[in-house]
Structures are given as structure tokens and as C-alpha cells.
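One letter stands for each residue in the lines below.
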Amino acid sequence: MADRLTAELMTALDSARRRALRDGDRQIDTAHLLHSLVEADPEAAAVLGGGERFARVLGYLVQRSIGYGLRWQRSVEDTGVALPVLRGADTGAAGWSPAAAAALAAAFERAAHRGEHRGDHRVRGLDLLAALAADPDNRAAEVLRRAGLEPGALAARIEHPSQQV
């Protein structure tokens, strides 16, 4: 799987795993992924809008272990999103919340689709961020909303970067 991911995304996934362990969570969830992604991938961080919006997102994510998000600890994140079947990729869903595994699978699908049209098959941080924002019921989307970002609009902005959404 490593050869299909950008270095930034590999760093983010490793960081999310460490963050979940440090927080005492049984599984990597979408908030772990969002937190690690915006810290490890400048392209993903930039699409949040920078400045105050980025600071608000990061603020909510940092607060996760000291109050906000405590209700999430030791619970499984499952938004009911069906896990798509990946073409030739194993996400290693063990140790991942169902919503996080679905987001990673969707990121692989997004990269595969892009690869068919542009030849770039590697999964990037923006692929994962788009997938996280596309599921309105996951923990990452909740963090984005609390920070003043609409997940659906963020997903649309990632899909159509040349358009103001």
C-alpha cells in the first residue's frame, strides 16, 4: 500500500495511529485522521482556508483529549457508511473505525478515478480530506462544522478547485 500513498499521507496515517494509541482509543477515527492530516500535509491544510479557520479546526482537534471529544473515547465511530470494495488495495481496516476505513477506501477510489483520467494514481492528502468531508456524520465533519466550515462545501472545493464554492 505504501507505494500508492504520498509521503505526506503516509506520515499522516502513521501519526493518526500514534495519536489514537496515545489517546487511549481502540481505533483510529476520522478526527484522528483529520488532525494528523492537517498537521502533516500542507496541501490539505491550505484548503481549509488558513488563518483563523485553520486555527479553529486545529483548536478543536487539540481539545479532543482535554474535554471536547471525551464522549468519543473508547467508543466506535460508525456513521453507517458502507465500506466500498477497493480495487487492488487493502486498507488494513483492523484498528480503524468503520467511518475512518470508509474514508480511506473512498480516498483510494478517488485517486484511482483521477489516475484513469490524469495518470496520477497515488492517494494524496486531499483525497482523504475530500472523503472525510463527504460523510456529514463522522467525527471529522463534526469538528469542521464546529470550527465554522461546512463539510459539503469543503468537499466541493476540493473536487472543483478552480471554482469558488
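Residues numbered from 1 in each chain as written. Predicted model: local features only at pLDDT ≥ 70, side-chain atom pairs only at ≥ 80, totals over all residues. Heavy atoms only, no water.

**Considering the environment of Gly95**
Inspection of the secondary structure puts Gly95 in the loop between α4 (51-63) and α5 (98-118). Between the C-alpha atoms of Gly95 and Ala20, which are 75 residues apart in sequence, the distance is 9.6 Å. (Helix = DSSP H or I, 4+ residues; strand = E, 2+ residues; numbered from the N terminus.)

**Describing the packing of helix α6 (residues 125-134) against helix α8 (residues 151-159)**
Remark: α6 packs on α8, axes separated minimally by 8 Å, with the N-to-C direction vectors making an angle of 150°. Classed by the angle they form, the pair α6 and α8 counts as roughly antiparallel. The two elements α6 and α8 cross, and the hand of that crossing is left-handed. Judged by residue contacts, Leu126, Leu129, Ala130, Ala133 and Ala134 of α6 engage Pro151, Gly152, Leu154, Ala155, Ile158 and Glu159 from α8. Considering only residue class, the contact of α6 with α8 consists of 9 nonpolar, 1 polar and 1 charged. (Axes fitted to C-alpha atoms, helices over the stretch in contact; angles between N-to-C directions. Parallel < 35°, antiparallel > 145°, perpendicular 65-115°, else oblique. Left-handed = near helix turned anticlockwise from the far one by under 90°. Contact = heavy atoms within 4.5 Å. Nonpolar A, V, L, I, M, F, W, Y, C, P; charged D, E, K, R; others polar.)

**With respect to the packing of helix α2 (residues 30-40) against α6**
As a packed pair, α2 and α6 sit with axes 11 Å apart at the nearest point and diverge in direction by 140°. For the pair α2 and α6, the crossing hand works out as left-handed. Across the interface between the two elements, Thr30, Leu33, Leu34 and Leu37 of α2 pack against Gly125, Leu128, Leu129 and Leu132 of α6.

**A word on the pattern of salt bridges**
Once the charged atoms of two side chains with opposite charge are near each other, the side chains can pair. In the structure shown here, the tally under the stated rule is 10 salt bridges. Here Asp14 makes a salt bridge to Arg17, at a shortest N to O gap of 3.1 Å. Of this pair, Asp14 and Arg17 are both found in helix α1 (residues 7-23), 3 residues apart, which corresponds to roughly one turn of the helix. A residue is classified by how much of its surface remains accessible, and Arg17, at 39% relative accessible area, is partly exposed. (Salt bridge = Lys/Arg side-chain N within 4 Å of Asp/Glu carboxyl O. Buried < 20%, exposed > 50% of the residue type's maximum accessible area, 1.4 Å probe, protein only.)

**What to know about the nonpolar core**
Residues Leu33, Leu34, Val57, Leu128 and Leu129 are the most contacted members of the largest nonpolar core, which totals 41 residues. At the level of elements, α1, α2, α3 (42-47), α4, α5, α6, α7 (139-146) and α8 are the ones that each hand at least two residues to this core. If we ignore the near neighbours within four places in the chain, the residues touching Leu34 are Val57, Leu61, Leu129, Leu132, Ala140, Val143 and Leu144. (Core = buried A, V, L, I, M, F, W, Y, C linked by side-chain atoms within 4.5 Å.)

**Observations regarding the side chain of His32**
As for its position among the elements, His32 is in helix α2. Given a relative accessible area of 0%, His32 falls into the buried group.

**What to know about the environment of Leu129**
Within the secondary structure, Leu129 is located in helix α6. Separated by 99 residues in sequence, Leu129 and Thr30 place their C-alpha atoms 9.8 Å apart. Dropping the residues within four chain positions of it, Leu129 is found in contact with Leu34, Leu37, Ala44, Val47, Leu48, Leu154 and Ile158.

**Details of the confidence of the model for the chain**
Per-residue confidence for the chain gives a mean pLDDT of 82; residues scoring 70 or more make up 79%. The secondary-structure element of the chain with the lowest mean pLDDT is α4, recorded at 85, while α6 shows the highest, at 97. Overall, residues 81-92 carries pLDDT values under 50, and its contacts beyond four positions in sequence, including any with other chains, amount to 27 contacts. (pLDDT = per-residue confidence, 0-100.)

**Some details on α5**
Here α5 is 21 residues long and its end C-alpha atoms lie 30 Å apart, about the 30 Å a rise of 1.5 Å per residue gives. Just beyond α5, the residue with positive phi is Gly119, at close to 80°. (Expected span 1.5 Å × (residues − 1).)

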